[in-house]
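# Summary of structural features
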Amino acid sequence: MKRFWKDNGLSLVLFAFFLAALLGQSLAGYAVELHELQTHGQPSIPFADYLRSGDFVEVTMENWESEFFQMFVYVVFTVFLFQRGSAESKSPDESSDVDRDPRLRANLDDVPGPVKRGGWRLKLYENSLSLTFLALFLVSFLLHAAGGVRAYNEQLHQHGEPALTFADYLFSSQFWFESLQNWQSEFLAIWSMVVLSIFLRQRGSPESKPVDAPHAQTGSD
C-alpha cells in the first residue's frame, strides 16, 4: 500500500481535490438555486434534479471545456513551437527524445503494444494524447451548449419570450461570452507558466528548471 501511494500520490491527491471541489460547487450551487426558487415563490427541487439541470450542466461543462481546450492546444503547440529558457519547452537548438521515431525501437521488450504492432495502431497511439484532449473538449463543448440552452430558455420562458434552438444558442453572444471568458484565463495561466519558468524556480518540481540552471537553459533537465 505504501508503494502504491508513493507511485500514484500525485494523481490520487489531484483527483481528490477535483472531487472535493466538484462536491463543494454542487452544494453551493444547489443552495443558490433553492434561494432563487424561494425568492420567486416556486417550490424547491431535489438535489438530484439540480445536478441534471441546465444551470449545473452549463457551468460545469463550461469550465471543463476550457481546461481540455487549453491542454489540447498546449500539447499540439509544444510539438513545433519553442520558448528559449522555458522549462515547458523543447530546446530550439537540439533534438529531443520525444521527437524520436518509435519505429526504430519496436523490437525492445518494454515498449507499449501499439509500438510493437506498428501501422495504424501506432499512428493513432503517437497522437493519442492530443486526440483524447480534443475529444474531451468537443464533448464538454457540446454539453456546455446543451446545458446552456436549457438554462437560457428557462430564463426566456420566465419573461414570456420565445425559446432558442440549440443552433441559435450555439451561435449566440451569450454562449461565446461564457466560453471565451474561460478560454482567455486558461491561456493566460499557461502563458504565465511558460514565461515565468524562464526566470523563476521551484526546487523539486519537474515543472521547473534546476534552481542553479541558467535562464537560457530550455527544458526542465
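To start, this report covers the structure provided alongside it. (Residues numbered from 1 in each chain as written. Predicted model: local features only at pLDDT ≥ 70, side-chain atom pairs only at ≥ 80, totals over all residues. Heavy atoms only, no water.)

### A short note on the overall build of the chain
Where we set the bar: The helix count covers DSSP runs of H or I at least four residues long, the strand count covers runs of E at least two residues long, and both are numbered beginning at the N terminus. Throughout, radius of gyration means the C-alpha value; the globule benchmark is 2.2 Å times the number of residues raised to the power 0.38.
Per the secondary structure count, the chain includes 8 helices and 0 strands. Sequence-ordered secondary structure for the chain, helices as α and strands as β, is α-α-α-α-α-α-α-α. For a compact globule of 221 residues, the expected C-alpha radius of gyration is about 17 Å, and the chain comes in at 23 Å, more than 25% above that figure. When the backbone C-alpha atoms are referred to their principal axes, the chain occupies close to 65 × 40 × 40 Å.

### Here's the deal with helix 1 (residues 2–39)
For clarity, the threshold we go by: Here a helix's expected span is defined as the number of its residues, less one, multiplied by 1.5 Å. To get the bend at a residue, fit one axis to the 7 residues ending there and another to the 7 starting there, then take the angle between the axes. Burial classes: relative accessible area under 20% of the type maximum marks a residue as buried, over 50% as exposed, and values in between as partly exposed (1.4 Å probe, protein chains only). Here a residue-residue contact requires only that any non-hydrogen atoms of the pair lie within 4.5 Å.
In this model, helix 1 (38 residues) spans 52 Å end to end at C-alpha, consistent with the 56 Å of a helix rising 1.5 Å per residue. Within helix 1, the axis deviates most sharply at N8, by approximately 75°. Restricting attention to buried positions, one finds in helix 1 the residues G9, S26, G29, Y30, E33 and L37. Looking at the buried residues of helix 1, the elements they touch are helix 2 (47–51) and helix 3 (54–80). Downstream of helix 1 by a residue or two, G41 has a phi angle that is positive, lying close to 70°.

### Looking at the pattern of salt bridges
To keep it simple, the criterion reads: Whenever Lys or Arg places a side-chain nitrogen within 4 Å of a carboxyl oxygen from Asp or Glu, that contact is recorded as a salt bridge.
The tally for this structure, following the rule as stated, stands at 8 salt bridges. Its salt-bridge partner being D101, residue R103 comes within 3.0 Å of it at the nearest N-O pair. Its salt-bridge partner being K123, residue E126 comes within 3.7 Å of it at the nearest N-O pair. On the basis of relative accessibility, which here comes to 34%, the residue E126 falls in the partly exposed class. Residues participating in the shared-partner salt-bridge network are D101, R103, K123 and E126.

### Details of the side chain of S140
Let me state the cut-off plainly: Polar contact criterion, stated in full: a pair of N or O atoms within 3.5 Å, where within protein one must be able to donate a hydrogen and the other to accept it, and residues adjacent in sequence count only if both atoms are side-chain atoms.
Counting through the fold element by element, S140 comes out in helix 6 (residues 128–158). Given the relative accessible area of 2%, S140 is considered buried. A distance of 3.5 Å separates a polar side-chain atom of S140 from the backbone nitrogen of E65. Dropping the residues within four chain positions of it, S140 is found in contact with M61, W64, E65 and F68.

### Side note on the environment of F68
Structurally, F68 can be placed in helix 3. The spacing of F68 and L134 is 66 residues in sequence and 7.1 Å in space, taken between C-alpha atoms. Residues within four places of F68 in sequence aside, it is in contact with F133, L136, F137 and S140.

### Details of the nonpolar core
For soluble globular proteins, nonpolar side chains are generally found buried alongside one another. The line we're drawing: Definition of nonpolar core: a set of buried residues of the types Ala, Val, Leu, Ile, Met, Phe, Trp, Tyr and Cys, connected through side-chain atoms within 4.5 Å.
Within the largest apolar cluster, 13 residues are counted, with the highest numbers of intra-cluster contacts made by F69, F72, F137, F141, L170, F175 and W183. Secondary-structure elements contributing two or more residues to this core are helix 3, helix 6, helix 7 (166–170) and helix 8 (173–199). In contact with F175, not counting residues within four places along its chain, are F141, H144, A145, Y169 and L170.

### Side note on the packing of helix 6 against helix 8
For clarity, the threshold we go by: To get an axis, a line is fitted to the C-alpha atoms, and for a helix only the part in contact is used. The angle between two axes follows their N-to-C directions and goes from 0 to 180 degrees. Any angle from 65 to 115 degrees is called roughly perpendicular, while one under 35 is roughly parallel, one over 145 is roughly antiparallel, and all others are oblique. Throughout, a crossing is termed right-handed when the near helix is turned clockwise from the far one, and left-handed when it is turned anticlockwise from it by less than a right angle. When residues are grouped by polarity, Ala, Val, Leu, Ile, Met, Phe, Trp, Tyr, Cys and Pro land in nonpolar, Asp, Glu, Lys and Arg in charged, and all others, Gly among them, in polar.
The contact between helix 6 and helix 8 brings their axes to 10 Å, and the two run at 135°. For the element pair helix 6 / helix 8, the angle class is oblique. Crossing angle aside, the handedness with which helix 6 passes helix 8 is right-handed. On helix 8, the residues touching F137, F141, H144, A145 and Y152 of helix 6 are Q174, F175, W176, E178, S179 and W183. A per-class count over the contact of helix 6 with helix 8 returns 7 nonpolar, 3 polar and 1 charged.

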